Amino acid sequence: MPSVASLIALRALADTPGAAQAFVGFGDPVFSNTQFASVAGTEGDAFVSRGGLRMRNVPVRLRSLPKMRDIDSAEFGMLPRLPDTADEIRAMAAAMHADPARDVFLGKAANETAVRQTSLKDYRVVAFATHGLVPGDINGLLEPALAMTAPHIAGDPNGDGLLTMGEIFELEMNADWVVLSACNTGTAAGAGAEAVSGLGRAFFYAGARALLVSNWPVETTSARILTSDVFTRQQANPALSRAEALQRAQIALIDGAGFIDPDSNTAAFSYAHPIFWAPFSLIGEGGNGQSAGESP
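Note that residues are indexed from 1 along each chain, following the sequence as it is written. For a predicted model such as this one, the threshold for reporting local features is a pLDDT of at least 70, and the threshold for listing and counting side-chain atom pairs is 80 or more; totals across whole chains, interfaces and linings nevertheless cover every residue. Side-chain figures throughout are based on the complete set of non-hydrogen atoms in the structure, without hydrogens or water.

1. Quick look at the pairing of strand β5 (residues 123-133)
Defined as follows: Only protein chains enter the accessibility calculation, which uses a 1.4 Å probe; a residue whose area is less than 20% of its type maximum is buried, one above 50% is exposed, and one in between is partly exposed. Secondary structure elements follow DSSP: runs of H or I of four or more residues count as helices, runs of E of two or more count as strands, with numbering from the N terminus. Pairing between strands is defined by DSSP: at least two bridges between the two strands are required.
Burial of β5 is extensive: eleven of the eleven residues sit out of reach of the surface. Summarising the sheet, strand β1 (residues 21-27) and β5 pair through six bridges and their orientation is parallel. Paired with Q21 across the two strands is Y123, which belongs to β5. Of the strand pairs in this sheet, β5 and strand β6 (residues 145-147) are connected by two bridges, and their pairing is antiparallel. In the strand pairing of β6, L133 is matched with A145.

2. As for helix α10 (residues 242-255)
As a reminder, the rule being used: Take the residue count of a helix, subtract one, and multiply by 1.5 Å to get its expected span. This arc describes the spread of directions from the helix axis toward the C-beta atoms.
Its 14 residues place the ends of α10 20 Å apart at the C-alpha level, agreeing with the 20 Å of an ideal helix rising 1.5 Å per residue. Here α10 has its buried residues at R242, A245, L246, A249, Q250 and L253. Burial along α10 is one-sided: seen end-on, the buried residues are contained in an arc of 130°.

3. Observations concerning the packing of aromatic side chains
This is how it is decided: Here the aromatic set is Phe, Tyr and Trp, taking the six-membered ring for Trp, and pairing holds for ring centres within 6.5 Å; pairs whose planes are under 30 degrees apart are stacked, those over 60 apart are edge-to-face, and all others are tilted.
According to the stated counting rule, one finds ten aromatic pairs in the structure shown. By the ring-pair criterion, three or more aromatic residues cluster together here, those being F26, F105, F128 and F203.

4. Remarks on the nonpolar core
Quick note on the threshold: Grouping buried Ala, Val, Leu, Ile, Met, Phe, Trp, Tyr and Cys residues that are joined through side-chain atoms within 4.5 Å yields what is termed a nonpolar core.
If you look at the biggest cluster of nonpolar residues, it comprises 32 residues, and the most contacted ones within it are F23, V230 and F231. Looking at this core, the elements with two or more residues in it are β1, α3 (85-95), β5, β8 (177-183), α9 (220-236), α10, β11 (266-269) and α11 (274-277). Within the second largest apolar cluster, 29 residues are counted, among which are L120, V126, L180 and F204.

5. A short note on unusual backbone geometry
Backbone geometry places D28, a non-glycine residue, at a positive phi of 50°. Tracing the chain through its elements places D28 in the loop between β1 and α2 (33-38). We note that N265 has phi near 60°; this positive angle belongs to a residue other than glycine. Turning to its location among the elements, N265 is positioned in the loop between β10 (259-261) and β11.

Pasting the structure below:
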């Protein structure tokens, strides 16, 4: 747990009946006009990676980090887009049999207003696939935050594109899981940073029982496989604990076929290396996946 206060907030949810709807997800936000103009084009691939490892001459693409801390003046629009997170949100929604028209918010729709206007307390799993920011990452940011679509693109004159720790405290949830997938949502590096302790404390106070976070930039295909597999397993066996669902999904990724090269249709490299499965951590209540009041 990130703090004693988080433990107290979590225990207060112990006897709360579970939410009715399965899943809602927000991903692939857009941070600048240039990115918005390229959404329908092919430029998105340029944002997927800033390098990475190479295995058997096939590049391992890691999701882009918002490398802002060594820049004198970092603006919101400089954040790299994460277009591959849209596929991850869709995969989780499919695993949970969610309604994509109602429960999936991508691109322009992944904005602060959408988060606030969605009745999050009705969902068992709430997912955010975007950048997790800490103080100092961009100008004027004084607390941990999740980056959402820029307000001028979303048509949100009252927003700033940042779902801050203070704003998360004000949300109302009844979530078995909150997924914070993408760039370093579990780290606490940087000046004044309290990424998981800050965001985690806020989400627990808002009504989350557990967080699934990433501790370093993840490779996109393996991340999509792992996160969707976690919830496929819990759908198939509601009595499965959260910790065991994550463990089984990680073992399946290790033992699986690995990355299939689309050009040759052969396995290019294995996902057994920890860079693929070890970034993901479960924080909070790792026990039985059922909320109070649910039956097996």
